[in-house]
Amino acid sequence: MGMSIPQYLGQMDIRKGVVGLATGAGFIYLLYKAIRAGIKCQPPLYTASPICIARLAVERERHGRDSGELRRLLNSLEYKQDEYAKSMILHSITRCVYLLEAEASSCTTDDISLVGSMLDDKDNSVKIQALNTLKAFSGIRKFRLKIQEHTIKVLELISTIWDSELHVAGLRLLNSLPLPDYVHPQLRRVMPALMEILQSEYILAQVQATRLLSYLAQKNDLLYDILNCQVHSNFLNLFQSTQPGSLLFEVLVFAERLSEGQNSPHYCVVKWHYNEQSLHEALFGDESRLADRLLALVIHPEEEVQIQACKVIVSLQCSQDVGVRPSSCRPSYSYFNSGE
């Protein structure tokens, strides 16, 4: 046993070899038929996997029929399930929402509430999948107000649980929604956590955190809270050319928004005071080396980074060229010599 067919035949005498050859040929023919039948045999369209669920549902929707798969998944979520089962069901719901627009649009706000209730699950993987599902539903306009009701809970999760995947899922959801004014007090409380995520080493979470902070920097009542937020001493490392282009672009947009905000008439009517380790001092303080970072990024290999670096430089320079500023607003440090 274990010998190949040629080895086996080589050890047989001529008479037995004839029989063995016929037997071997028969075996090979049967093997060929089996392989051929296996190639022709297609796997069933429906299995329990999310991919096969999506294939079945898309195929039915293509023929104008409601697959019922999304409704079945939502109904199954109401029954008591273990954490793994809930995660898989939510993952499948997310796929269906993206793939089956008609069926997703026929869902109700009660369905959104059901998914939102999964944010209270004790298992982080369930929370993450629930966030992803809410993000999928946020693409349907009629559900956005209902999803907004979970904003404070999402902010609580990303500020109290240090999990990079949860941060990405939660921040992606927040970045897909207009944030109502009533959540601004909670946003102030979680600002230090957002700044910590921005300074973490997980690129996807950093990008999402920066996008959210850039959006919040345009809110007059939140700008000071952002600028006075404490940062690490090496904060400007985020502007190094060795950072991924996607992150560099976002932090440059953030810097531009902050520069524009702090030089707006609305902001300058108040004399603000910042702590020594604040974001304001890191970016705009007398000891800041932001100018050096920006000039290096003007020759960055990625064009969008170059352009955005130039926008920040122009924003900073324009604030100096205004000339007359209210005395109560702290004058900006002169970043660039006239020759530069």
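On a predicted model such as this, the values are computed, not experimentally measured, just so you know.

Engineer: Help me out: how do you make sense of the overall build of the protein in this one?
Structural biologist: A count of helical and extended segments in the protein gives 19 helices and zero strands. Within the protein, buried positions represent 44% of all 340 residues. Residue pairs at least 24 apart in sequence account for 70% of intrachain contacts in the protein once pairs closer than 6 positions are excluded. Entry remark: accessible area of the protein is about 18,500 Å², with carbon and sulfur atoms responsible for 56%.

Engineer: Looking at this model, I keep getting lost on the environment of Glu 303. Mind explaining?
Structural biologist: Looking at the element boundaries, Glu 303 is found in helix H19 (residues 303-321). Spatially, the C-alpha atoms of Glu 303 and Phe 249 are 9.9 Å apart, while their sequence positions differ by 54 residues.

Engineer: Looking at this model, I keep getting lost on the packing of aromatic side chains. Mind explaining?
Structural biologist: Two aromatic rings, taken as a pair, are described by how far apart their centres are and by the angle between their planes. Applying the stated criterion across every chain yields a total of five aromatic pairs. Residues Phe 137 and Phe 143 carry aromatic rings whose centres are separated by 5.5 Å and whose planes lie at 90° to one another, so their mutual orientation is edge-to-face. The class of Phe 137 is buried, set by a relative accessible area of 0%. Classification of Phe 143 as buried rests on a relative accessible area of 1%. Each ring, one from Tyr 224 and one from Tyr 274, has its centre 5.6 Å from the other, and the planes form 40°; the classification is tilted. On the criterion of sequence distance, the pair formed by Tyr 224 in helix H14 (residues 220-227) and Tyr 274 in the loop between helix H16 (265-268) and helix H17 (279-284) is long-range, its members being 50 residues apart.

Engineer: Which parts of the structure should I look at to understand the pattern of salt bridges?
Structural biologist: For side chains of opposite charge, pairing can occur when their charged atoms come near one another. Counted according to the given criterion, the structure contains 10 salt bridges. The salt bridge involving Arg 188 is made with Asp 221; its shortest N-O contact spans 3.4 Å. You can see Arg 188 sitting in helix H12 (residues 184-198) and its partner Asp 221 sitting in helix H14, a full 33 residues away along the chain. Asp 221 sits in the partly exposed class, given a relative accessible area of 38%. A salt bridge links Arg 289 to Asp 292; the shortest N-O distance between them is 2.3 Å. Each member of the salt-bridge network shares a partner with another, and the members are Asp 120, Lys 153 and Glu 156.

Engineer: Explain the packing of H14 against helix H15 (residues 245-262) to me, please; I cannot follow it from the model alone.
Structural biologist: Geometrically, a packed helix pair is captured by the angle between its two axes and the distance between the axes. As a packed pair, H14 and H15 sit with axes 11 Å apart at the nearest point and diverge in direction by 115°. Looking at the two axes, H14 sits roughly perpendicular to H15. Between H14 and H15 lies a crossing of left-handed hand. Residues Leu 223, Ile 226 and Leu 227 of H14 form the contact with H15, whose participating residues are Phe 254, Leu 258, Gly 261 and Gln 262. Of the residues in the contact of H14 with H15, the class split is five nonpolar, two polar and no charged.

Engineer: What should I look at first to understand helix H11 (residues 164-175) in this one?
Structural biologist: For H11, built from 12 residues, the straight-helix expectation of 16 Å at 1.5 Å per residue is met to within 8% by its first-to-last C-alpha distance of 16 Å. Among the residues of H11, those classed as buried are Leu 166, His 167, Val 168, Ala 169, Gly 170, Leu 171, Leu 173 and Leu 174. In this structure, the buried residues of H11 make contact with helix H8 (124-137), helix H9 (144-148), helix H10 (151-160), H12 and helix H13 (203-216). A distance of 3.0 Å separates the backbone nitrogen of Glu 165 from a side-chain oxygen at the start of H11, and that oxygen is part of Asp 163.

Engineer: When you look at the nonpolar core in this model, what are you seeing that I'm missing?
Structural biologist: For soluble globular proteins, the rule of thumb is that nonpolar side chains tend to be buried together. Formed by 86 residues in total, the largest nonpolar core has its most connected members in Phe 235, Phe 239 and Leu 258. Shared between two domains, this core takes at least three residues from each, and those domains are domain 1 (52-178) and domain 2 (189-320).

Engineer: Please clarify how empty space enclosed by the protein should be interpreted in this entry.
Structural biologist: Rolling a probe over the atoms, with the probe sized like a water molecule, indicates the empty space that remains. Tallied over the full model, the rule gives two cavities of 30 Å³ or more. One number sums up the size of the second largest cavity: a volume of about 30 Å³. Leu 198, Phe 235, Leu 238, Phe 239, Val 251, Phe 254, Ala 255 and Leu 283 together form the lining of the second largest cavity. Considering each element in turn, the lining of the second largest cavity owes the most residues, three residues, to H15. Residue classes in the lining of the second largest cavity are distributed as eight nonpolar, no polar and no charged.

Engineer: Looking at this structure, how should I read the environment of Leu 295?
Structural biologist: As for its placement among the helices and strands, Leu 295 is situated in helix H18 (residues 290-297). Residue classification places Leu 295 among the partly exposed residues on the basis of a relative accessible area of 33%. Once the C-alpha coordinates of Leu 295 and Ala 309 are considered, the two residues, 14 residues apart in sequence, prove to be 7.7 Å apart.

Engineer: What exactly am I supposed to notice about helix H5 (residues 83-99) here?
Structural biologist: Given 3.6 residues to a turn, an α-helix orients residues that are three or four positions apart in the same direction. The first and last C-alpha atoms of H5 sit 25 Å apart over 17 residues, in line with the 24 Å expected at 1.5 Å per residue. Turning to H5, its buried residues are Lys 86, Ser 87, Ile 89, Leu 90, Ser 92, Ile 93, Thr 94, Cys 96 and Val 97. N-cap assignment for H5: the residue whose side-chain oxygen lies 3.3 Å from the backbone N of Tyr 84 is Asp 82.

So, how was this worked out
Residues numbered from 1 in each chain as written. Predicted model: local features only at pLDDT ≥ 70, side-chain atom pairs only at ≥ 80, totals over all residues. Heavy atoms only, no water. Helix = DSSP H or I, 4+ residues; strand = E, 2+ residues; numbered from the N terminus. Buried < 20%, exposed > 50% of the residue type's maximum accessible area, 1.4 Å probe, protein only. Contact = heavy atoms within 4.5 Å. Areas by Shrake-Rupley, 256 points an atom, 1.4 Å probe, with all protein chains shown as cover. Phe/Tyr/Trp six-rings, centres within 6.5 Å; stacked < 30°, edge-to-face > 60°. Salt bridge = Lys/Arg side-chain N within 4 Å of Asp/Glu carboxyl O. Axes fitted to C-alpha atoms, helices over the stretch in contact; angles between N-to-C directions. Parallel < 35°, antiparallel > 145°, perpendicular 65-115°, else oblique. Left-handed = near helix turned anticlockwise from the far one by under 90°. Nonpolar A, V, L, I, M, F, W, Y, C, P; charged D, E, K, R; others polar. Expected span 1.5 Å × (residues − 1). Polar contact = N/O pair within 3.5 Å; in protein donor to acceptor, adjacent residues only side chain to side chain. Core = buried A, V, L, I, M, F, W, Y, C linked by side-chain atoms within 4.5 Å. Domains from an automatic or database assignment. 1 Å grid on protein atoms, 1.4 Å probe; cavity = no way out; pocket = protein on both sides within 12 Å on 5 of 7 lines; lining within 4 Å. Points joined across faces, edges and corners; volume = space filled by probe spheres on them.

Structural measurements only, silent on function.
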